[in-house]
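# Fold and geometry: a report
Residue-level listing of the chains:
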Amino acid sequence: GMPYMGKILHIDAGKRLSLQIHDKKQESWFIIKGQGKVIWDNNKDDLIETELITGQGFTTQIGQRHRHQAVTDCNVVEVSMPEQGITWRLEDDYKRPDETEEQRKKERE
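Residues numbered from 1 in each chain as written. Predicted model: local features only at pLDDT ≥ 70, side-chain atom pairs only at ≥ 80, totals over all residues. Heavy atoms only, no water.

### Overview of the overall build of the protein
A count of helical and extended segments in the protein gives one helix and nine strands. Moving toward the C terminus, one meets the helices and strands of the protein in the order β-β-β-β-β-β-β-β-β-α. Scaling as 2.2 N^0.38, a compact globule of 109 residues should have a C-alpha radius of gyration of about 13 Å, and the protein matches this with 14 Å. Counting only residues that meet the buried cut, the protein has 38% of its 109 residues in that class. Restricting the contact set of the protein to residue pairs at least 6 apart, pairs at least 24 apart contribute 75%. Of the roughly 6,600 Å² of accessible surface on the protein, a fraction of 50% belongs to carbon and sulfur atoms. Side chains of the protein give 17 positive and 20 negative charges; the mean places of these two sets differ by 2 Å. (Helix = DSSP H or I, 4+ residues; strand = E, 2+ residues; numbered from the N terminus. Rg over C-alpha atoms; globule rule 2.2 N^0.38 Å. Buried < 20%, exposed > 50% of the residue type's maximum accessible area, 1.4 Å probe, protein only. Contact = heavy atoms within 4.5 Å. Areas by Shrake-Rupley, 256 points an atom, 1.4 Å probe, with all protein chains shown as cover. Lys, Arg positive; Asp, Glu negative; His and termini not counted. Charge placed at Lys NZ, Arg CZ, Asp CG, Glu CD.)

### A short note on the sheet that holds strand S3 (residues 27–33)
Read from one edge of the open sheet, four strands run S1-S8-S3-S6, paired in antiparallel fashion. The open sheet terminates on both sides in strands that have one partner only, identified here as strand S1 (5–11) and strand S6 (58–60). Here the average twist between neighbouring strands, direction ignored, is 25°. Examined bridge by bridge, S3 and strand S8 (residues 74–80) share six bridges and lie antiparallel to one another. When the bridges of S8 are listed, Phe30 appears paired with Val77. (Pairing = 2+ DSSP bridges. Axes fitted to C-alpha atoms, helices over the stretch in contact; angles between N-to-C directions.)

### Let's talk about a nonpolar patch on the surface
Nonpolar side chains collect at one region of the surface, where Ile8, Phe30 and Ile32 lie side by side and expose about 280 Å² of accessible area between them. By secondary structure assignment, the location of Ile8 is in strand S1. Residue class for Ile8 comes out exposed when judged on its relative accessible area of 56%. (Patch = residues over 30% accessible without salt bridge, like charges linked within 9 Å, V, L, I, M, F, W, Y side chains within 5 Å. Salt bridge = Lys/Arg side-chain N within 4 Å of Asp/Glu carboxyl O.)

### A look at the pairing of strand S5 (residues 47–51)
Across five bridges, strand S4 (residues 36–41) lies against S5 in antiparallel orientation. Its bridge partner being in S5, Ile39 is matched across the sheet by Glu49. The turn joining S4 and S5, which pair antiparallel and follow one another in sequence, is formed by five residues; a positive phi near 65° is taken by Asp45.

In structure tokens, the structure reads:
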């Protein structure tokens, strides 16, 4: 009964997405092409790397640090709660700001 949305993330070989935290959003991922990994908090708040395995889903919890990194060019299906709350970008190779409700609204107008 929860509203979910989906998108396909294409990540070029050797590139990575933001190290980020969501305050209201939960995400699940499923790799459909190529090789990639997720770097995320374990249960001791240490960042670990987990290889994304074709045919297996992975889910982050609200408040869990995470980022995707491509080994080869890869496509990852991401399903999540709708874009809401704040996405804090703790590290971002592209210098993007944190994502807030106000930022989203401004970008989509």
